[in-house]
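Structure at a glance
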Amino acid sequence: MAVPARTCGASRPGPARTALPWPGRGPRPGPGARRPPSGPPRPLLLLLPPLLLLPLLAAPGASAYSFPQQHTMQHWARRLEQEIDGVMRIFGGVQQLREIYKDNRNLFEVQENEPQKLVEKVAGDIESLLDRKVQALKRLADAAENFQKAHRWQDNIKEEDILYYDAKADAELDDPESEDVERGSKASTLRLDFVEDSNFKNKVNYSYTAVQIPTDIYKGSTVILNELNWTEALENVFIENRRQDPTLLWQVFGSATGVTRYYPATPWRAPKKIDLYDVRRRPWYIQGASSPKDMVIIVDVSGSVSGLTLKLMKTSVCEMLDTLSDDDYVNVASFNEKAQPVSCFTHLVQANVRNKKVFKEAVQGMVAKGTTGYKAGFEYAFDQLQNSNITRANCNKMIMMFTDGGEDRVQDVFEKYNCPKQVRVFTFSVGQHNYDVTPLQWMACANKGYYFEIPSIGAIRINTQEYLDVLGRPMVLAGKEAKQVQWTNVYEDALGLGLVVTGTLPVFNLTQDGPGEKKTPCLCSQNQLILGVMGIDVALNDIKRLTPNYTLGANGYVFAIDLNGYVLLHPNLKPQTTNFREPVTLDFLDAELEDENKEEIRRSMIDGNKGHKQIRTLVKSLDERYVDEVMRNYTWVPIRSTNYSLGLVLPPYSTFYLQANLSDQILQVKYFEFLLPSSFESEGHVFIAPREYCKDLNASDNNTEFLKNFIELMEKVTPDSKQCNNFLLHNLILDTGITQQLVERVWRDQDLNTYSLLAVFAATDGGITRVFPNKAADDWTENPEPFNASFYRRSLDNHGYVFKPPHQDALLRPLELENDTVGILVSTAVELSLGGRTLRPAVVGVKLDLEAWAEKFKVLASNRTHQDQPQKPIIWPGGLNIPPSTALPQLGEWCPFYPTTRLPGSGEEGLGLSPSPSSPSFSTFQDLLCVLIDDGGFLVLSNQNHQWDQVGRFFSEVDANLMLALYNNSFYTRKESYDYQAACAPQPPGNLGAAPRGVFVPTIADFLNLAWWTSAAAWSLFQQLLYGLIYHSWFQADPAEAEGNPEARESSCVMKQTQYYFGSVNASYNAIIDCGNCSRLFHAQRLTNTNLLFVVAEKPLCSQCEGGRLLQKETHSDGPEQCELVQRPRYRRGPHICFDYNATVRRGRRTLHPGPLPSLGRPADLHLASSRRKIPQTVAAELPSRRRWASWSPCSCCSSWACLLGRSPKSTPTPRAASERPLLPLPRPPRLSPASHTPP
C-alpha cells in the first residue's frame, strides 16, 4: 500500500486525517534550548525517540502519512538557492558593475581613511571651536564682576528708572489675566523689531539683550531693579563678543536672583500655561554654580505630619531632587522612631534621571505615623555619608531634613558624627504650625547650614534651591582656581535652538564693604557669594559639521562621550521628545548594544586615554527590526581642555573610499544629463541623496522637488564652484554615469516581467539611487539617502543576498494585494578590489513580485512522480526553466499544490505537474506549510495563499508554535535592549475622590467649631484653595507639576525592544513540536548566501498547543530594574576638582582652609524671593536691601560660629546671645517669598 504524499499546497478534499500522538521530544542542538511543554503520559512504545519513528512513518506500506525526508527538503533548498542566485546574477549586475568601475578607473581615486589621524584632527577642530567660546566666556565673567563691583546700590530705585526689553512682555500683554495688565506695570519696556536668523532658529535683534524674570519673582522689587541696572552694561560685551566670533549663539547670564539676561534679544517662548522657568534650576546653571554633592534627604513622617503638611513635604523633596545633576549622589529616607529608605536604594546613588524617578515615585508612598525621632534620622544620614565602599561624589556633603518641628536638638549626634563640620545640615520647617523652630535653626547654624520655612506650596520652589548659594561660597574663596569653564551634558535649549551643550563659568561677588559704612579692618573681607553663572551655548549641529560626513561610508561614524559616559555625539542620539528641565543623558552603552569590549572602550575614554581596538559586536539595523553581527574598528582620543572624549568607528570595508576626479567638463555635462527627468523613461528614475551639495541649495523633503532645485542651481554654478562641496558633487555626477552604464549594459535588454520582477535598482555611496524601470519609482518607498536606508546599510554588513520584506503593520486581505504594488527587496553589496584595496561603493538588487514569487516558491520546493514528470523543459509563469532531470525518483512529495489544472498566469493546461481532480492520486495528497523567514524572524514567502497578506510580519504572529520551536532549537537568538529616547503620551492623573488629591478634608464638625476657623489647618486649606483657583488645577494635577511646559503634553519614556537573529544552527535539521495529539514535525534549513531560513512543517491540527508567543514589537517598559543596576553602577568620573567648605581642591592638589566663617542660617522672613504674585510696591520698597546687616554669635557645638536668627513669621523673636559678634554684611540681596512675608 502506497503512503500518501505530503504537500505544501492549498488544501483539497481528501481522506480525513487522524491526529497521531507524536512521541518523545525533538533533538535540541543548541545550548540553552528550551523544552516545549510536555504532554500527558503516553504508552512506553510512544516514548521512543521520534527520529526512530520517522523512517517507519515514511516507509511504504505504513499506515500513516509521510513527512518529506530530509534529503528531499535539502534538494528543495538547493533549488531555491540556485534560483535566487541565478536571478541576482542576471539582473543584479554585480559582476557587470565591477567591470564598469574598472573601465572608468581613470575617473576616480581610491583614498584611505586613517583612523588615528582622522580622530585626532576632528578632536583638534572641536577643541578649537570650544576654545573660542571659552575666551568669550572669560571676557563676560570678568566684565560682570567689574560691573557689579563698581555698581552703587540704590534703595530708592523705581521701575520707571530702568529701561530694558522684557522677553515675556508681549505674551503678558496678550494675556488679559496677566498680573502686569491688572497691576499696570510701570517698567519702561522696550519695543523691538526682529529678523529671522536660521542659526538661532528664531527671530532675533542683535542690538539689544533680553531679560527673562521668573513668574514667581516680583519685577518691581529693589533687588531685581538693582540687578537689571548693573547687568545692563553686559550688553556691549555681548555685542563685542559676537563681533569677534560671529558663530556665537546664545550668550546668557543667569543671576543668583533669578534674572536671566541673554543676547541676542528674542521674545520668550511662553508656554500655554504658567511659565515657571527659573534659570537657577537649569542643568547648566546648577553645574556651574557648585561642585558635586553627596546629599541625604531625611523626611519626618511622624503622626503630626499629615494632610497638607505631608503633601508639602512630598512636593518639596521632588523639587529638591530636581536641583541635582548627574555629578551628584543622593538618597532619601523617612524617619519617625526609626529611619528607613523610602525606596529600594540602600546607599547613595547617582542623581540621574532614572534614579530620581524612582525616588519621586517612592516618596509619594510615605505615610505619617509614630513619633518624631530626629536622632534616628540623623544617624541614618551620617551613616550613609560615611559609607566609603560605594561610588559617590566625595565632595560637598549635606543633610536635608524636612519636618514640621520638634524640641530635640540631637546635639550628641552632631558631636559624635560632625564635630569637624564636614557635613552641612539644612533644615526645613514645613507647614503652618505653632511649634518652636529654635531647635531647627540651631541644627542648621551649628552645622554650617541653612534654615528655611515652607509654610505653603508657593514657598517650595524658591526655598529648595537657595542652598546652592551656600555651596558656591567655597568657590568664591578659592578665587581664580575656581574660575574654570565646565561643559555640560547635552540638553534641550529653552529658546528652540535644539540640542546644545553649554560652557559655564561662575561669576563672583568681589565687593568688600557696604556703601556708606565705615570700613572695619577686621571685616574687610571679600563677599562670599556667587553673583550667577555665565553661559554660552554650542549647538550639536555645529560640532557635527566638524566631523567627516560621507568619507566614512554608511556604517562609519564619529561619537563623543563625557565623564559620565553620556554621549555628546552619536548617530543614535535622537530623542523623540525633550524635557527642557532635564538633560539628555543617553549612555554610550545604551546608544549601542552593550558588550564587554564596549565597556572597556568606554572606561578608557572616560579616563582620557587614547586607544584602538577591533571588535566583533552586534549592531541594530536602522529600522530597529534586525540585529547583525559585524566587525568594527574603534579608535579614540581625548578632546583637550574639555571633559569629552572622541571616538571613531569604521567597518573594515570602509578603510578606503572613492573620490571622483571629473576634470573633463564635457564628461561632467554628459553624466549630468542623466539626472534630468527627461532621461528617466529610458534610463530609469534617479533619486539623489538630500545632501548639502552647495550653500544656496534649497532643501526639501520631497525628492522630486529637491532634484528640481538641484538642477536649477547647477545651471548657474559648476561642480567646481567654491560655494559647493566639490567632493560630494563630483562623486554624485560620477555615480550618475556609472549607474547609467549599468542600465545600458544589463537592465535595458531584459524583460523583468518574465522573471516576475517589479524593479531593479542600484544605490551608491555617492548618493545616487537608480530604479528601473521608471514606473517602479511610484512604489519606491526607500530613503533616497542611501546612508539612511536600512537595506543599503545591512547589505554592506552582510555577505550574500539580503531579503527585506515589506513592513506591514496593518493586515491586508489577499484581494487587496495587486500586482506591481507589493514587492520584496533583495540586495547585495558590490565589492571592489583595486590594487589590493577592498571597498564596497554600491549596492544592487531586485524587487520581487510578491504574488508571482509566492507561486514560484511552491514550484521550487517540489519534486514529482515518474507518472507526472514531463519529458521536456517546462517554462513556468515568470520564465522559470525547470528541466525534467531535476525531479527525484520518489513518491509524490512536493510543496506546491494547485486547485486546478490551469497554472496561474500560464494560459496552459495539463502540464502534468498538477493532478486533475479526476486523477486517482489526487485524493491522497495532503498539504504542508512551507515558508521562507528572514534572519529577523519576519515572513518573506509562504505557500499558503491566506498568509500572503502577512508577509513582512513577525512569524510568531503567523504561527506562534512554529516560531517558538525554531527559537527553542537555537535557529534564532533573542537580543533585548531598551530605548530611553522614546516619547509617550502623558498618563492622566487619577482622582480618587471629590476633593483635591492630598488635601485635608474638614468634617462638618470642624466647620461648626469656631476654634477650627482660627487653626493652622483652616489657614492651610484656605491657601490651597486659593492656589488651586489661581492655577486652575484644583481637580487636575499637582500644583508642582502644572507648569505648562511641553513635557506636560508629551513625555519621554522607556521602550523595550526585542530583535531576533540567526543562532548557532547552520545545518539542515528535523525536529518535532511535542504536544500530544497535536504534535507537529518540521524541517528547517538555512539557505546558503542569503539571510533566509527555509522551513517545512506540518500544518497545525488543533489550537490546544498555544505554549507561548514570542514578542518582537516594541513595548512600553519601566526599563531594567534600577534597584539591581545601582548595585553594579557603570564606571564614571566626576569633575577633576572639588570646592567644598573644608578643602577647595582635592585629589592631590593644593588645599585651602578658610578661617572661621559665620554659618549661613538666615531667617525665613528675609528670603526675598520677590514673588510677583500681587505684592504691593510699598512692601517691596520696605524690604531689606543688599547691604543690610545680620548678627552672629558663637555656637557651643565645637566652637563654630552660628547665626542669630531674627524674627520668623508668626513666632516670637529668638533671644540673642549676651556677647554679640561684630555685624557682618548679608551675603546676598534678600528675596521676598509670599510664604515667608505677609504684606502689612
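Since this is a predicted model, take the numbers as computed values, not measurements.

**Thoughts on the state of the cysteines**
- If you walk through the whole model with that rule in mind, you get 3 disulfides.
- Across a sulfur-sulfur distance of 1.5 Å, Cys344 and Cys1123 are joined as a disulfide pair. The S-S bond linking Cys344 to Cys1123 shows a torsion near -75°; that makes this disulfide left-handed. Here the residue Cys344 occupies a position in the loop between β12 (339–341) and β13 (349–350), and Cys1123 occupies one in helix α29 (residues 1122–1125), the gap between them amounting to 779 residues.
- The buried category is assigned to Cys1123, whose relative accessible area is 19%.
- One disulfide bridge connects Cys395 with Cys1138, the sulfur atoms lying 1.7 Å from each other. Handedness here is read from the sign of the S-S torsion; for Cys395 and Cys1138, about 90°, the answer is right-handed. Of this pair, Cys395 sits in the loop between α12 (374–386) and β14 (396–403) while Cys1138 sits in the loop between α29 and α30 (1177–1182), and the two are 743 residues apart along the sequence.

**Observations regarding helix α10 (residues 308–321)**
- The end-to-end C-alpha distance of α10 is 20 Å, a good match for the 20 Å that 14 residues give at a rise of 1.5 Å each.
- Here α10 lies mainly inside the structure; 14 of its 14 residues are buried.

**Structural notes on the packing of helix α20 (residues 665–672) against helix α23 (residues 726–747)**
- Relative orientation of the contacting elements α20 and α23 amounts to 65°, with a least axis distance of 8 Å. With respect to the hand of their crossing, α20 and α23 are arranged in left-handed fashion. In contact with Gln668, Tyr671 and Phe672 of α20, α23 contributes His730, Ile733, Leu734, Thr736, Gly737 and Gln741.
- When grouped by side-chain class, the residues that make up the contact of α20 with α23 number 4 nonpolar, 5 polar and no charged.

**With respect to the sheet that holds strand β28 (residues 685–688)**
- Pairing is antiparallel across the open sheet formed by 6 strands, whose spatial order is β28-β30-β29-β33-β32-β31. Looking along the sheet, the strands with just one partner apiece sit at the ends: β28 and β31 (802–804). Each strand axis lies, on average, 20° off the axis of its neighbour in the sheet, ignoring direction.
- Taken together, the 11 bridges between strand β32 (residues 823–834) and strand β33 (residues 837–849) define a ladder with antiparallel strand orientation.

**Some points on the pairing of strand β19 (residues 499–508)**
- Burial within β19 is extensive, with 10 of its 10 residues counted as buried.
- Where strand β17 (residues 486–487) and β19 come together, 2 bridges link them in antiparallel fashion. Bridge assignment links Trp487 to a residue of β19, and that residue is Gly503.
- Bridging between strand β18 (residues 490–492) and β19 involves 2 bridges; their strand directions are antiparallel. Bridge pairing in β19 places Glu492 opposite Leu499.
- Connecting β18 to the next strand, β19, in antiparallel fashion are 6 residues, including Gly496 with a positive phi near 90°.
- Two strands pair when backbone bridges link them, and β19 and strand β20 (residues 530–539) are joined in this way by 9 bridges, in the antiparallel orientation. The partner of Val500 across the bridge, within β20, is Ala539.

**Some words on the nonpolar core**
- Ranked by size, the top nonpolar core spans 96 residues in total, and within it Leu966, Tyr972, Phe1082 and Phe1094 carry the most contacts.
- In terms of residue count, helix α2 (residues 70–92) provides more of this core than any other element does, 8 residues in total.

**Describing empty space enclosed by the protein**
- Here the structure, examined in full by the defined rule, presents 16 cavities of 30 Å³ or more.
- If you trace the largest cavity, you find 37 residues lining it, with Pro283, Trp284, Ser325, Asn489 and Pro583 closest to the centre.
- Those elements giving two or more residues to the lining of the largest cavity turn out to be α9 (283–289), α11 (353–363) and β17.
- No other element matches α9, which puts 4 residues into the lining of the largest cavity.
- Broken down by class, the residue content of the lining of the largest cavity amounts to 15 nonpolar, 9 polar and 13 charged.
- The volume enclosed by the second largest cavity comes to roughly 250 Å³.
- Lining the second largest cavity are 24 residues; nearest its centre among them are Tyr657, Leu658, Asp765, Gly766 and Pro841.
- With 6 residues, α23 is the largest single contributor of residues to the lining of the second largest cavity.
- Classifying every residue of the lining of the second largest cavity gives 15 nonpolar, 5 polar and 4 charged.

**Focus on the pattern of salt bridges**
- For the structure shown, the criterion picks out 38 salt bridges.
- Between Asp125 and Lys121 there is a salt bridge, with its nearest N and O atoms 3.0 Å apart. Taken together, the residues Asp125 and Lys121, both in helix α4 (residues 115–150) and 4 residues apart, mark about one turn of the helix.

**Some points on the sheet that holds strand β37 (residues 929–934)**
- The strand order across the open sheet built from 5 strands is β38-β37-β43-β42-β41, with neighbouring strands paired in antiparallel fashion. Lying at the two open borders of the sheet, with one neighbouring strand each, are β38 (939–942) and β41 (1069–1073). When the angles between neighbouring strand axes are averaged without regard to direction, this sheet yields 25°.
- The pairing of strand β42 (residues 1080–1086) with strand β43 (residues 1092–1097) spans 5 bridges and is classified as antiparallel. Counterpart to Gln1085 in the pairing with β43 is Phe1094.
- The strands touched by helix α26 (residues 960–968) within the sheet are β37, β41, β42 and β43, with β42 carrying the most contacts at an inclination of about 55°.

**Considering unusual backbone geometry**
- Following Tyr263, the chain continues to Pro264 via a peptide bond in cis, the omega torsion being -5°.
- With respect to the helices and strands, the residue Pro264 is situated in the loop between β9 (260–263) and α9.
- Note the cis peptide between Phe772 and Pro773, where omega equals 0°.
- Although it is not a glycine, Asn394 sits at a positive phi angle of roughly 55°.

**Examining α23**
- Along its 22 residues, α23 runs 30 Å from first to last C-alpha, staying within 8% of the 32 Å computed at 1.5 Å per residue.
- The element α23 is extensively covered by neighbouring structure, given that 19 of its 22 residues are classed as buried.
- Between the side-chain oxygen at the start of α23 and the backbone nitrogen of Phe727 there is a gap of 3.1 Å, and the oxygen is on Asn725.

Here is what the cut-offs are and how they apply
Residues numbered from 1 in each chain as written. Predicted model: local features only at pLDDT ≥ 70, side-chain atom pairs only at ≥ 80, totals over all residues. Heavy atoms only, no water. Disulfide = S-S within 2.5 Å. Helix = DSSP H or I, 4+ residues; strand = E, 2+ residues; numbered from the N terminus. Buried < 20%, exposed > 50% of the residue type's maximum accessible area, 1.4 Å probe, protein only. Expected span 1.5 Å × (residues − 1). Axes fitted to C-alpha atoms, helices over the stretch in contact; angles between N-to-C directions. Left-handed = near helix turned anticlockwise from the far one by under 90°. Contact = heavy atoms within 4.5 Å. Nonpolar A, V, L, I, M, F, W, Y, C, P; charged D, E, K, R; others polar. Pairing = 2+ DSSP bridges. Core = buried A, V, L, I, M, F, W, Y, C linked by side-chain atoms within 4.5 Å. 1 Å grid on protein atoms, 1.4 Å probe; cavity = no way out; pocket = protein on both sides within 12 Å on 5 of 7 lines; lining within 4 Å. Points joined across faces, edges and corners; volume = space filled by probe spheres on them. Salt bridge = Lys/Arg side-chain N within 4 Å of Asp/Glu carboxyl O. Polar contact = N/O pair within 3.5 Å; in protein donor to acceptor, adjacent residues only side chain to side chain.

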